[in-house]
Amino acid sequence: MSTGKILAAARADFKRFIEGGGFYEDIVLKTPDGVTSYEVKGSASKHHINFDSDGNPINSKNAHICIVESSLVDLGIQTRNASGEVNLFKWRVDYPDSTGQVKNYIIEQTFPDETVGGIVCILGDFQN
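An account of the accompanying structure is given in this report. (Residues numbered from 1 in each chain as written. Predicted model: local features only at pLDDT ≥ 70, side-chain atom pairs only at ≥ 80, totals over all residues. Heavy atoms only, no water.)

Topic: the overall build of the chain
Here is step 1 of the chain: A count of helical and extended segments in the chain gives 2 helices and 8 strands.
Here is step 2 of the chain: Reading the chain from its N end, one meets helices and strands in the order α-β-β-β-β-β-α-β-β-β.
Here is step 3 of the chain: In terms of principal-axis extent, the alpha carbons of the chain reach across some 45 × 40 × 35 Å.
Here is step 4 of the chain: Expressed as a percentage of contacts within the chain between residues at least 6 apart in sequence, the contacts between residues at least 24 apart total 44%.
Here is step 5 of the chain: By element, 51% of the accessible surface of the chain is carried by carbon and sulfur atoms, the whole surface being about 8100 Å².
Here is step 6 of the chain: Of the charged side chains in the chain, 12 are positive and 17 negative; the average position of the first set lies 4 Å away from that of the second. (Helix = DSSP H or I, 4+ residues; strand = E, 2+ residues; numbered from the N terminus. Contact = heavy atoms within 4.5 Å. Areas by Shrake-Rupley, 256 points an atom, 1.4 Å probe, with all protein chains shown as cover. Lys, Arg positive; Asp, Glu negative; His and termini not counted. Charge placed at Lys NZ, Arg CZ, Asp CG, Glu CD.)

Here you go:
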């Protein structure tokens, strides 16, 4: 099988934007047991506004990262389970907030974009 030139270019652009477009954050991924750490670049966001089912704003924390799957694979991270699904559930994530203070999270959900190769990870607070 082959990949079209435009799709290959889109994948390369996506990786360049996420890891080197100037809006990346240095992110530390740790295995669920906390023994092994990997440093990656990706986008990171945390905000405190969401909307309820009626469209009213509510105060609730929303933190997520977007990382490039091929970069994880290049580091030797097994991103997929035996069924071929992305499985980073309970991996730990550390990245600095806007003040430089490193915050600790745990991956609760993953949403892979299997067209361009990104993985959006929804984060929850990590409790020691």
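Digging into the side chain of Thr 79
Here is step 1 of the chain: Relative to the elements of secondary structure, Thr 79 occurs in the loop between α2 (69–74) and β6 (92–96).
Here is step 2 of the chain: Here the side chain of Thr 79 touches Glu 69 through a polar contact of 2.7 Å, side chain to side chain.
Here is step 3 of the chain: Among residues more than four places away in sequence, those in contact with Thr 79 are Glu 69, Leu 72, Val 73, Glu 85, Val 86, Asn 87 and Leu 88. (Polar contact = N/O pair within 3.5 Å; in protein donor to acceptor, adjacent residues only side chain to side chain.)

So, the sheet that holds strand β7 (residues 102–113)
Here is step 1 of the chain: With respect to topology, 6 strands assemble into a closed barrel ordered β1-β2-β5-β8-β7-β6, the strand pairing being antiparallel. Mean inter-strand twist for the sheet, computed between neighbouring axes without regard to direction, equals 45 degrees.
Here is step 2 of the chain: Both β6 and β7 contribute to a ladder of 5 bridges, which runs antiparallel. Bridge assignment links Pro 96 to a residue of β7, and that residue is Val 102.
Here is step 3 of the chain: Along the sheet face, helix α1 (residues 5–20) touches β2 (37–47), β5 (62–68) and β8 (118–125) and points at about 130 degrees away from the line of β5. (Pairing = 2+ DSSP bridges. Axes fitted to C-alpha atoms, helices over the stretch in contact; angles between N-to-C directions.)

Regarding the pattern of salt bridges
Here is step 1 of the chain: Under the definition given, this model contains 6 salt bridges.
Here is step 2 of the chain: Between Arg 80 and Glu 69 there is a salt bridge, with the nearest N and O atoms lying 2.9 Å from each other. Residue Arg 80 is found in the loop between α2 and β6, and its partner Glu 69 is found in helix α2; the two are separated by 11 residues along the sequence.
Here is step 3 of the chain: Given a relative accessible area of 26%, Arg 80 falls into the partly exposed group.
Here is step 4 of the chain: Three or more residues joined by partner-sharing salt bridges are found here, namely Glu 69, Arg 80 and Glu 114. (Salt bridge = Lys/Arg side-chain N within 4 Å of Asp/Glu carboxyl O. Buried < 20%, exposed > 50% of the residue type's maximum accessible area, 1.4 Å probe, protein only.)

Details of the pairing of β7
Here is step 1 of the chain: Here β6 hands over to β7 after 5 residues, with Gly 100 in that stretch at a positive phi of 90 degrees.
Here is step 2 of the chain: Hairpin connection, β7 to β8: the antiparallel pair is bridged by 4 residues, and Gly 117 has positive phi, about 95 degrees.

Describing the side chain of Glu 69
Here is step 1 of the chain: On the accessibility criterion, Glu 69 (12% relative accessible area) is buried.
Here is step 2 of the chain: Engagement of the side chain of Glu 69 in a polar contact is seen with the side chain of Arg 80, the distance being 2.9 Å.
Here is step 3 of the chain: When residues no more than four places from it in sequence are discounted, the contact partners of Glu 69 are Thr 79, Arg 80, Val 86, Gly 117 and Ile 119.

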